[in-house]
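Per-entry structural report
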Amino acid sequence: MVQLLLRSGSILLLLAPEVMLAKSKSKTPPAPDLPYLVMDGGRRLVFERNYQSEREVKTKRGFWTKLLDLAAGEPEYKYLVRPYSVATDSRDRVIITDPGAFGIHIFDFAQQKYKFISHTEGKDELRSPQCVAVDKQDNIYVTDSEAGKIFVFGANGKYQRAIGSLKGGEGMFKRPTGIAVDSEAQRIYVTDTWRDKIYVMDMQGSVLQTIGKRGDQNGEFNFPTELRLSGPDLIVVDAMNFRIQVFDRAGAFRQAIGGNLYRPKGLSIDSEGHLYIADAFYNNVQVFDREGRLLYLFGKSAGVGDFELPGGVAIDRSDCIYVVDGRHRRLQAFRYFGGGAR
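Residues numbered from 1 in each chain as written. Predicted model: local features only at pLDDT ≥ 70, side-chain atom pairs only at ≥ 80, totals over all residues. Heavy atoms only, no water.

**Describing the overall build of the protein**
Keep this limit in mind: Per the convention used, a helix needs a DSSP run of H or I reaching at least four residues, while a strand needs a run of E reaching at least two, with both numbered from the N terminus. Any residue under 20% of the maximum accessible area for its type is buried, any over 50% is exposed, and the rest in between are partly exposed; the area is computed with a 1.4 Å probe on protein chains only. Two residues qualify as a contact provided that any one of their heavy atoms is within 4.5 Å of a heavy atom in the partner residue. The method behind every accessible area is Shrake-Rupley, applied with a 1.4 Å probe, and residues are considered shielded solely by the protein chains displayed.
From N to C terminus, the protein includes 1 helix and 27 strands. Split into buried and exposed, the 342 residues of the protein put 54% on the buried side. Here the analysis covers contacts within the protein between residues at least 6 apart in sequence; of these, 44% occur between residues at least 24 apart. Element-wise, carbon and sulfur atoms account for 49% of the exposed surface of the protein, whose accessible area totals about 15,400 Å².

This is the structure in structure tokens:
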């Protein structure tokens, strides 16, 4: 059971037997007008705010800038058009793919900076950016489902190269979607949704191994999409089998998690190892432990978060959770406080 707390009172929601009602022990509770969930052991999930544009990143505007705005009008800001996937880097920048804008938004909240990156020159043109990952140096890797390639940008946003580009400009993948980078092992993992398999490549793009084939048995896929690396695990959204599959990094099957999923999309992991899975049919985010037990969920039905067609999910080092809210063209931010948080 989870308790939803609001300024005006409280609502009880029965979500899962593993989640018991508990009083928050935090010395610094969230602002009273922000909805939040209180869970077993003093754990809390707090809604923070929504982001839709460059303007919400650049919140501090100096006197002379404001004066110029009065004289010449405010500048044109970049907005999220059709956001899809999201990742965070070592600087806690938030990186969002946007196929509707044919590029990638970089929100740097700490530095109050914004950057939009794309690539429209030469044979390797970024057409439909899908999923995004970063390596240890914060280089940005973006799959392009239409071009059939992986685009690599530096941490500064400068285009570096395309992986999977064949002669004539075609891409080697049918529909690349999910991507993850193992910097230590120098490996790139990418799902090819239409081929129902995962490619394991070196950093130059040479294929070393494939994982999976079409089917519904353990280790088989029916339209795999997002994936994440977590410790020794490779975690994959097996979309049309309505489940998550967990492998080791060599591709050996370990477990499947499902039962409550209907249209799983984005995937991420918090500091306690819980799996956060966006479901675009139920318009919520479902949270599981590593044994596959549903702990709780959030979204409009739970009173915390309001999604329509949620997509990507990313969690930074401080357990700030970012959820792409596709239909509303925005990014929703939450904060998770674990059992030891005060």
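**Side note on the packing of aromatic side chains**
Aromatic ring pairs are described here by two measures, namely the spacing of the ring centres and the angle between the planes. For the record, the criterion: Only Phe, Tyr and Trp rings take part, Trp by its six-membered ring, and two of them pair if their centres are within 6.5 Å. Stacked means planes under 30 degrees apart, edge-to-face means over 60, and tilted covers everything else. Each ring is checked for a lysine NZ or an arginine CZ that lies within 6 Å of its centre and within 35 degrees of its normal; such an atom marks a charge sitting over the ring.
For the structure shown, the criterion picks out 19 aromatic pairs. Ring geometry for Phe153 against Tyr159: centres 5.9 Å apart, planes inclined by 70°, an arrangement best described as edge-to-face. The exposure class of Tyr159 is partly exposed, given its relative accessible area of 23%. Centre to centre, the rings of Phe307 and Phe334 are 6.0 Å apart; their planes meet at 65°, and the pair counts as edge-to-face. Of this pair, Phe307 sits in the loop between strand S24 (294–299) and strand S25 (310–315) while Phe334 sits in strand S27 (residues 330–337), and the two are 27 residues apart along the sequence. Assessed through its relative accessible area of 1%, Phe307 is described here as buried. The class for Phe334 is buried, based on a relative accessible area of 0%. One aromatic cluster is present, formed by Phe47, Tyr276, Tyr296, Phe298, Phe307 and Phe334 through successive ring pairs. Seen from the ring of Phe337, Arg44 lies directly overhead, with NZ or CZ sitting 4.2 Å from the centre. Sitting over the face of the ring of Phe116, Lys78 holds its NZ or CZ atom 4.1 Å from the ring centroid.

**A word on the pattern of salt bridges**
Here is the rule we go by: By definition, a salt bridge exists where a carboxyl oxygen of Asp or Glu is found within 4 Å of a side-chain nitrogen of Lys or Arg.
Under the criterion given, the structure shown has 17 salt bridges. A salt bridge links Asp89 to Arg93, with the shortest nitrogen-to-oxygen separation between them at 2.7 Å. Salt-bridge contacts for Glu308 lead to Arg327; the nearest nitrogen and oxygen are separated by 3.6 Å. On the criterion of sequence distance, the pair formed by Glu308 in the loop between S24 and S25 and Arg327 in the loop between strand S26 (320–325) and S27 is long-range, its members being 19 residues apart. The exposure class assigned to Glu308 is partly exposed, which follows from its relative accessible area of 31%. Each member of the salt-bridge network shares a partner with another, and the members are Asp233, Arg254 and Arg290.

**Here's the deal with the sheet that holds strand S14 (residues 187–192)**
Let me state the cut-off plainly: Strand pairing is defined by DSSP finding a minimum of two bridges between the two strands. The axes are straight lines fitted to the C-alpha atoms, using for helices just the contacting stretch, and the angles between their N-to-C directions are given from 0 to 180°.
If you walk across this open sheet you meet the 4 strands as S13-S14-S15-S16, and the pairing is antiparallel. Two strands in the sheet have a free side with no partner beyond their single neighbour: strand S13 (176–182) and strand S16 (207–211). In this sheet, neighbouring strand axes are inclined to one another by 20° on average, regardless of whether the strands run parallel or antiparallel. Inspection of the sheet shows S14 paired to strand S15 (residues 197–202) by 6 bridges, in the antiparallel sense. By the bridge assignment, Ile188 is partnered in S15 with Met201.

**A short note on the sheet that holds strand S9 (residues 129–134)**
Ordered by their spatial adjacency, 4 strands build an open sheet running S9-S10-S11-S12, and the pairing between neighbours is antiparallel. Two strands close off the open sheet at either side, each with one partner strand: S9 and strand S12 (159–163). Averaged over all adjacent pairs, the angle separating strand axes in this sheet is 25°, with direction ignored. Sheet analysis places S9 next to strand S10 (residues 140–144), joined by 4 bridges and oriented antiparallel.

**Remarks on the confidence of the model for the protein**
Heads up, the condition is: pLDDT expresses, on a scale from 0 to 100, how confident the predictor is about each individual residue.
On average, residues of the protein carry a pLDDT of 87, and 84% of them reach 70 or more. pLDDT under 50 marks residues 1–32. Its contacts with residues more than four places away, or in other chains, come to 75 contacts.

**Side note on the nonpolar core**
Threshold: Among the buried residues, those of types Ala, Val, Leu, Ile, Met, Phe, Trp, Tyr and Cys that are joined through side-chain atoms within 4.5 Å form a nonpolar core.
In terms of nonpolar packing, the biggest core is built from 19 residues, with Leu45, Tyr276, Tyr296, Phe298, Ile321 and Phe334 touching the most fellow members. Where this core is concerned, the elements lending two or more residues are strand S4 (44–51), strand S22 (275–279), strand S23 (284–288), S24, S25, S26 and S27. For this core, the element with the highest residue contribution is S24, accounting for 3 residues.

**Re the pairing of strand S20 (residues 253–258)**
Both faces of the sheet carry side chains from a regular strand, because those side chains alternate between them. Sheet topology places strand S19 (residues 243–248) next to S20; 5 bridges connect them, and they run antiparallel. Residue pairing in the sheet places Ile244 in a bridge with Ile257 of S20. If you look at the hairpin formed by S19 and S20, you'll find 4 residues sitting between the two strands, and Gly251 has a positive phi there, around 100°.

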